[in-house]
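Letter by letter, the chains look like this.
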Amino acid sequence: MWAWAIESDSVTDTVLVVDFGAQYARLIARRIREAHVYSEIVSPSITVEEIKARAPKGIVLSGGPKSVYETPAPSVDPAIYDLGIPILGLCYGAQLIALQLGGTVSRTGQGEYGRTELTTTGASPLCVDWPATAQVWMSHGDAITEAPPGFVATATSPGAPVAALHDPERRIFGVQFHPEVVHTQRGNEVFEHFLMDACGCLPGWTHVSIIEQQVAAVRAQVGTARVLCALSGGVDSAVAAALVHKAIGEQLTCVFVDTGLMRSGEADQVEDAFRRQFKIDLIHVKAADRYFAALAGVTDPERKRKIIGELFIRIFEEVARDLGAGEGNEGPTFLVQGTLYPDVIESGSATAANIKSHHNVGGLPDDLAFDLVEPLRLLFKDEVRAVGEELGLPHEIVWRQPFPGPGLGVRIIGEVTPERAEILRHADAVVVEEIRRAGLYRELWQSFAVMPAVQTVGVMGDGRTYAYPIVIRAVTSDDAMTADWARLPYDLVERIASRIINEVEGVNRVALDVTSKPPGTIEWE
Ligand code: XMP
């Protein structure tokens, strides 16, 4: 179900990563791409015929949370070992290789979790010139106790009698540790030796080659048709738009709907980058009044999201109609979506026939009757940012922290009004400015202000105040699925608090959110 092949001949070297579960496969695929080799995540149910059709230069079997002795335990067709394609098994993948090729995997009762010392016992083509002992990251219960016939064991650890092994004839390799994890010293070298030495891959997957390929693919897909792209101010839609513009120039029209719920400076930045710098045909719809009117009196978070999403669709439809969509050949027939590779893996769909509701544009309906152009669907977020930089997009857009589609609407807890949006936007700008000044902006997954729309009593000068509180929300995260509250330095918190109180009229109190996810979510609504 993961199967989705690259549609260009220009990248010839592909490595398939067989996904045995959890988050391991994704990280492995990223590490391989960091070595400039294109990698793709595939399901264990992939057949030998399907593998042959993709002609990969190598196959990596990922780790996974299960034991090889569980029933059912994820497995691959053992015929893959006879294809003559180099194979690397990591953790569970190494154990599966050992088991399927006649070695022994045992429940030793001595699992290893976390940093572990690896002892070299022989020469390994992947751990070249490693010292007698090295630090690696382990996470296993079972262990390989006997290598299969034809294999050489080259390392051991306290809980893994065979911690590295390979068959020099068939170029099949296994390591019990996780080279994809940063805590494994020299883990990247393991991939580099596998990719370059064992598989003979060429490092052809670069930002420049990604752009060339996608430009060619977009041209081939849309021909002379007109294309529409909804910009949100976020990095994905911005990079997708810039890429499509590079491919088809004036055939592209971008639409930016200013909901009145954007971050400070967002609308200007989009205008500046797209209209002035890239000379892209940009329709800027100033719709704040319509949004505030639609949101008047609404406090339920889900209702707010629905209202904001639906209004976006209505406005988008109006723009599309104005451009002649649905009335013959002149109107746009394609729509650009900033779908990323993790979305493709997660949705498990080979075709992105449906536009996902969580996506930037806020869930456009199927009956908009556009074909989708998805130039980022092969890419991870870090690759999108690198492509954005290569295309010359401004730093502020490329490195902007994620922002929810409904914008400040879900950061004002209670009714959304123009006055509250203005106060929150101002307070948020202070948070972001100070976080940037402290050099923490890129380190943090998100850092922003939230306004619980209650009022509290305070005292300023000689007078009593009755005004809004602002909550500082800052989190670290890898993928937003889980998050930890960021331990911001106290002097930074103090600076933010005092600036907000002094500079933002309507606020008399600042609090810090110290909730992780779970049990909280990153956003407050
Ligand atoms: P939560 O609050 O669920 O958020 O922990 C996880 C990540 O998703 C972002 N988010 C959204 N993004 N539309 C979006 O495009 C939305 O409705 C939405 N809600 C949350 C949030 O900012 C965080 O990065």
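Use the structure listed above.
Residues numbered from 1 in each chain as written. Predicted model: local features only at pLDDT ≥ 70, side-chain atom pairs only at ≥ 80, totals over all residues. Heavy atoms only, no water.

Some thoughts on the site of the ligand
Piece 1. Neighbouring residues of the ligand: 13 residues in total, closest Arg305, Gln446, Lys517, Ile522 and Glu523.
Piece 2. Between the ligand and the protein, one listed contact pairs an oxygen atom with a side-chain N or O atom of Gln446 at 2.8 Å.
Piece 3. Here Ile522 contributes a backbone N or O atom positioned 2.8 Å from an oxygen atom of the ligand.
Piece 4. Within the complex, 76% of the 500 Å² of free accessible area of the ligand lies under protein. (Near = heavy atom within 4 Å. Polar contact = N/O pair within 3.5 Å; in protein donor to acceptor, adjacent residues only side chain to side chain. Areas by Shrake-Rupley, 256 points an atom, 1.4 Å probe, with all protein chains shown as cover.)

A short note on the side chain of Arg33
Piece 1. Looking at where Arg33 falls in the secondary structure, it is placed in helix H1 (residues 24–34).
Piece 2. Within the structure, the side chain of Arg33 is placed 2.5 Å from the backbone oxygen of Leu378, a separation counted as a polar contact.
Piece 3. Not counting residues up to four positions away in its chain, the partners in contact with Arg33 are Tyr38, Ser39, Trp205, Tyr341, Leu378, Leu379, Phe380 and Glu383. (Helix = DSSP H or I, 4+ residues; strand = E, 2+ residues; numbered from the N terminus. Contact = heavy atoms within 4.5 Å.)

Digging into the environment of Gly414
Piece 1. Within the secondary structure, Gly414 is located in the loop between strand E17 (412–413) and helix H13 (418–437).
Piece 2. The sequence separation of Gly414 and Pro301 amounts to 113 residues, and the corresponding C-alpha distance is 8.3 Å.
Piece 3. Apart from residues no more than four positions distant in its own chain, Gly414 is found in contact with Val298, Thr299, Lys304, Arg420 and Glu525.

Structural notes on the pattern of salt bridges
Piece 1. A complete count under the given rule lists 28 salt bridges for this structure.
Piece 2. Across the salt bridge formed by Arg107 and Asp142, the nearest N and O atoms sit 3.4 Å from each other. Residue Arg107 is found in the loop between strand E5 (104–106) and strand E6 (112–120), and its partner Asp142 is found in the loop between strand E7 (133–140) and strand E8 (143–146); the two are separated by 35 residues along the sequence.
Piece 3. The exposure class of Asp142 is buried, given its relative accessible area of 6%.
Piece 4. We note a salt bridge from Lys304 to Glu525, for which the minimum N-O separation is 3.0 Å. (Salt bridge = Lys/Arg side-chain N within 4 Å of Asp/Glu carboxyl O. Buried < 20%, exposed > 50% of the residue type's maximum accessible area, 1.4 Å probe, protein only.)

Here we look at the nonpolar core
Piece 1. Residues Phe316, Ile435, Leu488 and Ile500 are the most contacted members of the largest nonpolar core, which totals 55 residues.
Piece 2. Elements represented by at least two residues in this core include exactly strand E12 (227–231), strand E13 (252–258), helix H8 (288–295), helix H9 (301–322), H13, strand E18 (446–452), strand E20 (463–476) and helix H14 (490–503).
Piece 3. Taken domain by domain, this core gets at least three of its residues from each of domain 2 (213–398) and domain 3 (413–512). (Core = buried A, V, L, I, M, F, W, Y, C linked by side-chain atoms within 4.5 Å. Domains from an automatic or database assignment.)

Structural notes on the sheet that holds strand E14 (residues 281–286)
Piece 1. Read from one edge to the other, the open sheet built from five strands follows the order E14-E13-E12-E15-E16, with strand pairing classed as parallel. Every other strand in the sheet has two partners, leaving E14 and strand E16 (371–373) as the edge strands with one partner each. Averaged over all pairs of adjacent strands, the angle between strand axes in this sheet comes to 30°, irrespective of strand direction.
Piece 2. Two elements, E12 and E13, share five bridges in a ladder whose sense is parallel. Counted as the bridge partner of Cys229 is Cys254 from E13.
Piece 3. Most of the contacts of helix H6 (residues 235–248) go to E12, to which it runs at about 155°, and overall it touches E12, E13, strand E15 (334–336) and E16. (Pairing = 2+ DSSP bridges. Axes fitted to C-alpha atoms, helices over the stretch in contact; angles between N-to-C directions.)

Examining H13
Piece 1. Taking 1.5 Å per residue, 20 residues should reach 28 Å; H13 reaches 28 Å between its end C-alpha atoms and fits that length.
Piece 2. Within the sequence span of H13, burial applies to Arg420, Ala421, Ile423, Leu424, Arg425, Ala427, Asp428, Val430, Val431, Val432, Glu434 and Ile435.
Piece 3. Positive phi shows up at Gly439, right after H13, with a value of about 75°. (Expected span 1.5 Å × (residues − 1).)

Some words on the packing of aromatic side chains
Piece 1. What the rule picks out here adds up to seven aromatic pairs.
Piece 2. Centre to centre, the rings of Phe173 and Phe194 are 5.9 Å apart; their planes meet at 80°, and the pair counts as edge-to-face. Residue Phe173 is located in strand E11 (residues 172–175), and its partner Phe194 is located in helix H4 (residues 187–198); the two are separated by 21 residues in the primary sequence. In terms of burial, Phe173 and Phe194 fall into one category: buried.
Piece 3. Directly above the aromatic system of Tyr341 lies the positively charged group of Arg33, at a separation of 5.0 Å from the ring centroid.
Piece 4. Above the plane of the ring of Trp399 lies Arg442, whose end atom (NZ or CZ) is 3.8 Å from the centre. (Phe/Tyr/Trp six-rings, centres within 6.5 Å; stacked < 30°, edge-to-face > 60°. Lys NZ or Arg CZ within 6 Å of the ring centre and 35° of its normal.)

A look at the packing of H8 against H9
Piece 1. Between H8 and H9, the least distance of the axes is 10 Å, while the angle of their chain directions is 145°. Considering only the axes of H8 and H9, their crossing is right-handed. In contact with Arg290, Tyr291, Ala294 and Leu295 of H8, H9 contributes Lys304, Ile307, Ile308, Leu311, Phe312, Ile315 and Glu318.
Piece 2. Taken together, the residues of the contact of H8 with H9 sort by class into eight nonpolar, no polar and three charged. (Left-handed = near helix turned anticlockwise from the far one by under 90°. Nonpolar A, V, L, I, M, F, W, Y, C, P; charged D, E, K, R; others polar.)

Quick look at the state of the cysteines
Piece 1. In total, this model carries zero disulfides according to the counting rule given.
Piece 2. Looking at Cys91, it has no disulfide partner, and the nearest cysteine sulfur is the one in Cys127, 15 Å off.
Piece 3. Of the residues examined, Cys91 reaches a relative accessible area of 3% and is grouped as buried.
Piece 4. With no disulfide of its own, Cys229 lies closest to Cys254 among cysteine sulfurs, the gap being 4.5 Å.
Piece 5. What makes Cys229 buried here is its relative accessible area of 1%. (Disulfide = S-S within 2.5 Å.)

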